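Spelled out, the chains give:
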Amino acid sequence: MKTFLLLATSLLVLAACNKPSTYQPAAGDSSETIYADACARCHNPFQPGKPLGIVKSLNPNAQQVANKIQVGGTMVMPAFEQIPAERRLTLARWIIDNN
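Residues numbered from 1 in each chain as written. Predicted model: local features only at pLDDT ≥ 70, side-chain atom pairs only at ≥ 80, totals over all residues. Heavy atoms only, no water.

## Quick look at the overall build of the chain
Part 1 of the reasoning: Each helix and strand in the chain was counted, giving four helices and zero strands.
Part 2 of the reasoning: For the chain, the α and β elements follow one another from N to C terminus as α-α-α-α.
Part 3 of the reasoning: Per-residue burial for the chain yields a buried fraction of 28% across its 99 residues.
Part 4 of the reasoning: When contacts within the chain are restricted to residue pairs at least 6 apart in sequence, those whose partners lie at least 24 apart make up 63%. (Helix = DSSP H or I, 4+ residues; strand = E, 2+ residues; numbered from the N terminus. Buried < 20%, exposed > 50% of the residue type's maximum accessible area, 1.4 Å probe, protein only. Contact = heavy atoms within 4.5 Å.)

## Let's talk about helix H2 (residues 31-38)
Part 1 of the reasoning: Among the residues making up H2, those that are buried are Ser31, Ile34, Tyr35 and Ala38. Buried residues of H2, viewed axially, fall in a sector of 100°; they line one side.
Part 2 of the reasoning: Where H2 is buried, its residues contact helix H4 (85-97). (Arc of directions from axis to C-beta.)

## Structural notes on the packing of aromatic side chains
Part 1 of the reasoning: Here the structure, examined in full by the defined rule, presents two aromatic pairs.
Part 2 of the reasoning: Joined through ring pairs, the aromatic side chains of Tyr35, Phe46 and Trp94 make up one cluster. (Phe/Tyr/Trp six-rings, centres within 6.5 Å; stacked < 30°, edge-to-face > 60°.)

## Quick word on the environment of Leu91
Part 1 of the reasoning: Note on placement: Leu91 falls in helix H4.
Part 2 of the reasoning: Taking the relative accessible area as the measure of exposure, Leu91 reaches 0% and is therefore buried.
Part 3 of the reasoning: Distance from Leu91 to Ile34, taken between C-alpha atoms, is 7.6 Å for residues 57 residues apart in sequence.
Part 4 of the reasoning: Excluding anything up to four places from it in sequence, Leu91 contacts Ser31, Ile34, Tyr35 and Ile69.

## Some points on the nonpolar core
Part 1 of the reasoning: Counting residues in hydrophobic clusters, the biggest one holds 19 residues, and the most contacted among them are Tyr35, Ile69, Leu91 and Ile95.
Part 2 of the reasoning: Elements with a minimum of two residues in this core: H2, helix H3 (62-71) and H4.
Part 3 of the reasoning: Ignoring sequence-local partners within four residues, the contact set of Ile95 consists of Tyr35, Leu52, Ile54, Val55, Val65 and Ile69. (Core = buried A, V, L, I, M, F, W, Y, C linked by side-chain atoms within 4.5 Å.)

See the structure below:
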C-alpha cells in the first residue's frame, strides 16, 4: 500500500510539473539571464568555463534545442511558449555554445 501511495503521489507531482510555463523574459534580458531565470533551477547553473552538460544528443542544432524549449520535455520540463521564437533560438544557440 505504501508503494502504491508513493507511486501515485510521484505521478501527480510529475504531471503538475509538465504544465506550460508562464515565464516571460523582460525586453532586454540576455540569454544568460533567461537561462538563469527559467532553466537553472532544474538544469545546471551557468558557471563561466564549465559546460552546462544539458544537451544530450550529439551535435544538436539550434532549431532542435529551440523546439524543445517551446514544447517542453517528455515528463518534467515545461513548455516555454511565452518566450518569443527569435529569443528561443538565441537562447538555444547560447545553450549549445555553453554546453
